[in-house]
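Coordinate analysis (summary)
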2 protein chains.
Amino acid sequence: MGQPLNPDPRALRHALGMFGTGVTIVTARDPAGALVGVTASSFNSVSLDPPLVLWSVARSAWSCQAFTQARHWNVHVLSVDQEALSNRFARQGADKFAGLELEDGMTEAPLLRGCSARFQCRTQFAYDGGDHVILVGEVLGFDRSHHAPLLFVKGGYAIANPRAPDVSTAAEAAVEEELFNENLLGFLLGRAHLLYMNAFRPTFAQHGLSDADFYILSLMSLRQPISQVELAEHLGFTGVDTGGGCLRQLEGRRLVAKDGQGLYTLSGDGLRVIVEALAACKAVQEDLVDRVGAVEVASLRNLLKRVILATDPGLPKVWGQGPQGRPGS
Amino acid sequence: MGQPLNPDPRALRHALGMFGTGVTIVTARDPAGALVGVTASSFNSVSLDPPLVLWSVARSAWSCQAFTQARHWNVHVLSVDQEALSNRFARQGADKFAGLELEDGMTEAPLLRGCSARFQCRTQFAYDGGDHVILVGEVLGFDRSHHAPLLFVKGGYAIANPRAPDVSTAAEAAVEEELFNENLLGFLLGRAHLLYMNAFRPTFAQHGLSDADFYILSLMSLRQPISQVELAEHLGFTGVDTGGGCLRQLEGRRLVAKDGQGLYTLSGDGLRVIVEALAACKAVQEDLVDRVGAVEVASLRNLLKRVILATDPGLPKVWGQGPQGRPGS
């Protein structure tokens, strides 16, 4: 039946939040030439012929006048990597453009980088929209990238998960009862991980290195010098030998060196081997983006992070905490 | 720099598709009282005070006149279970409302059920929007449910996945340029897989078994008797020793037995150990369904399968092909 309008605007906001949207930053120049920009989720396409898009700017926004007076503005559809940028342009004050690399576009309005899509517009109409002004613009130019787009749903940032074709077939439902079936998440994680490794393992296996060696050298590319104890704290969960056998072998091959305090450092050869392996690891990822899709890979990353956070027994952080050095030469 | 407007409207549509949206059905009655309804992704909120929303109807739509003449219309934000309804209302013709249970709302416009949110509106403005008419309505009433909303991104239906917090660092953007950062898919796959293993490894490690032994015994729970050659074909991609060392150790521990033709079979002890380990593996999955969500785990499975298919070098199938026995007793 629907409730008559609730005087509490939060209830309306919550209901409106059920309609998911992308996130955009709209930019322009004020009459004095200063850059203005705001985060907006009210963007949408309107017309293909002529090509029109719209968004709404709050009358209370500091930059409202600049936008309603501007002849041109650019809409940037943000990618999943631009959450921080979204937050920056959603706040008032300071110089929102500080430190950003801008591009020149077709008009005086500034263009941001790294977006999923961009639309360069000329104001066509400015309509009354209550406490907002609805700006309709003609699209003069546009481009898009392969960066997966950022979403805003139910009051929080989100990533699109392509609708899965039904995973379970009738045959699968029959095996679903079995303890070990091909929907067992542990099997799928293991197979995906080890097939991924299989695709670039030759880069380090040709040097006689095992997966365990690869894990150790990867960690050392971020954290060194490192003690055997710290290494075991980081890698114990992997089940590989952190008792010193691998380290001694790596030392014997002169890929790592041990100092007087028992701390290990990558040698020049060790650095070359691990950089080569990590570059190959990244190349597999790029291949997967091509074959599986950018949105899918972004979604997969996001889900893997949630599994990692849900299963982490309290591991030390790999990045950003504690003593840390750049790889030696 | 952006490309000047491409005469191909598909390019513009593809770029516009990077902006994700929810999916709505808007309903009304025509002057004769007949029900009309269309699927629209052009919905958005405009103003909170007064409460205004908008959407655009194509001038070419059969029901355009009905909507522009109607005093009232209802917007239904569709849930993930209403994909079929979205498709039904996106097509022309037939009776779109056939068989649907309708509710009476505050106005003559019909209300559909099972949606994520609904907004009952009175037309406030009808603006020129090129080949569309922009309808702005005052929200007279609204409601929302707990059904997750359906999304439309890059030309396909999608589900929103809440953005996971960073696994290991807050300085994600800063490390993005590094070869090895925490968005490297290989890192995330490995960490998720090995943390998952870590959660049930004790069940087989207490019997002195390694991850490699677990892979071998798991395979044998599905395929036995098995030769060393077949085992290597199945497990070579894992990087574990399939040269016979593991098998000899398992034989020494009387977990597997070798017959006169060199074929291996699980012993009763071997079966007990692997059934216990697989049950623990499944328990971790159930725990993850609780902690991460059933929809998320289903999505993750689906995406892992796509990675597996994209990286498979042509492995023999684990299930459903070739000679295969149930575990011996």
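Given the structure is predicted, the values throughout are model-derived calculations rather than measurements.

What follows covers the interface of chain B and chain A. Tallying the contact residues gives 129 residues for chain B and 128 residues for chain A. Per element, the largest residue contribution to the side of chain B that touches chain A is 15 residues, and it comes from helix α11 (residues 294-311) of chain B. The sheet contact formed by strand β11 (residues 156-162) of chain A and strand β11 (residues 156-162) of chain B spans five bridges and is antiparallel. Directly across from P162 of chain A, in β11 of chain B, lies its bridge partner A158 of chain B.

So, about the packing of helix α7 (residues 211-222) of chain B against helix α8 (residues 228-235) of chain B. All names here are of chain B. Relative orientation of the contacting elements α7 and α8 amounts to 110°, with a least axis distance of 11 Å. In terms of orientation, α7 lies roughly perpendicular with respect to α8. The way α7 lies across α8 gives a crossing that is right-handed. Contacts from Y215, I216 and L219 in α7 reach L231, H234 and L235 in α8.

What follows deals with the nonpolar core. Membership of the largest hydrophobic core comes to 193 residues, with the highest contact counts inside it found for V53 and V307 of chain A together with V53 and A192 of chain B. Sequence-distant contacts of A192 of chain B, defined by excluding residues within four places in its chain, comprise L189, L304, V307 and I308 of chain A.

A few words on the domain arrangement of chain A. We note that the domain assignment places domain 1 (9-158) and domain 2 (171-311) within chain A. The C-alpha-based centres of domain 1 of chain A and domain 2 of chain A are spaced at 40 Å.

Here the residue pair Q224 of chain A and P225 of chain A is connected by a cis peptide bond, since its omega of -5° sits within 30 degrees of zero. Along the chain, P225 of chain A turns up in the loop between α7 (211-222) and α8 (228-235). Residue P50 of chain B is reached from D49 of chain B by a cis peptide bond, and omega for that bond is 5°. In this structure, P50 of chain B sits in the loop between β5 (44-47) and β6 (52-58). Not every positive phi belongs to a glycine, and K154 of chain B is a case in point at roughly 50°. Here K154 of chain B is to be found in the loop between β10 (150-153) and β11. For K154 of chain B, a count of 19 C-beta atoms within 10 Å puts it in the partly exposed group.

All names here are of chain B. Among the seven residues that make up β6, six are buried, leaving the element largely enclosed by the rest of the structure. Sheet topology note: the β5/β6 ladder contains three bridges and is antiparallel. Within β6, the position partnered with N44 by the bridge is L54. Linking β5 to β6, which pair antiparallel, is a turn of four residues. Bridge count between β6 and strand β9 (residues 132-144): seven bridges; the pairing is antiparallel. Counted as the bridge partner of V53 is G137 from β9.

About the thresholds
Residues numbered from 1 in each chain as written. Chains lettered and ligands numbered in written order. Predicted model: local features only at pLDDT ≥ 70, side-chain atom pairs only at ≥ 80, totals over all residues. Contact = placed C-beta atoms within 7 Å. Helix = DSSP H or I, 4+ residues; strand = E, 2+ residues; numbered from the N terminus. Pairing = 2+ DSSP bridges. Axes fitted to C-alpha atoms, helices over the stretch in contact; angles between N-to-C directions. Parallel < 35°, antiparallel > 145°, perpendicular 65-115°, else oblique. Left-handed = near helix turned anticlockwise from the far one by under 90°. Core = buried A, V, L, I, M, F, W, Y, C linked by C-beta atoms within 7 Å. Buried ≥ 20, exposed ≤ 12 C-beta atoms within 10 Å, placed from the backbone. Domains from an automatic or database assignment.

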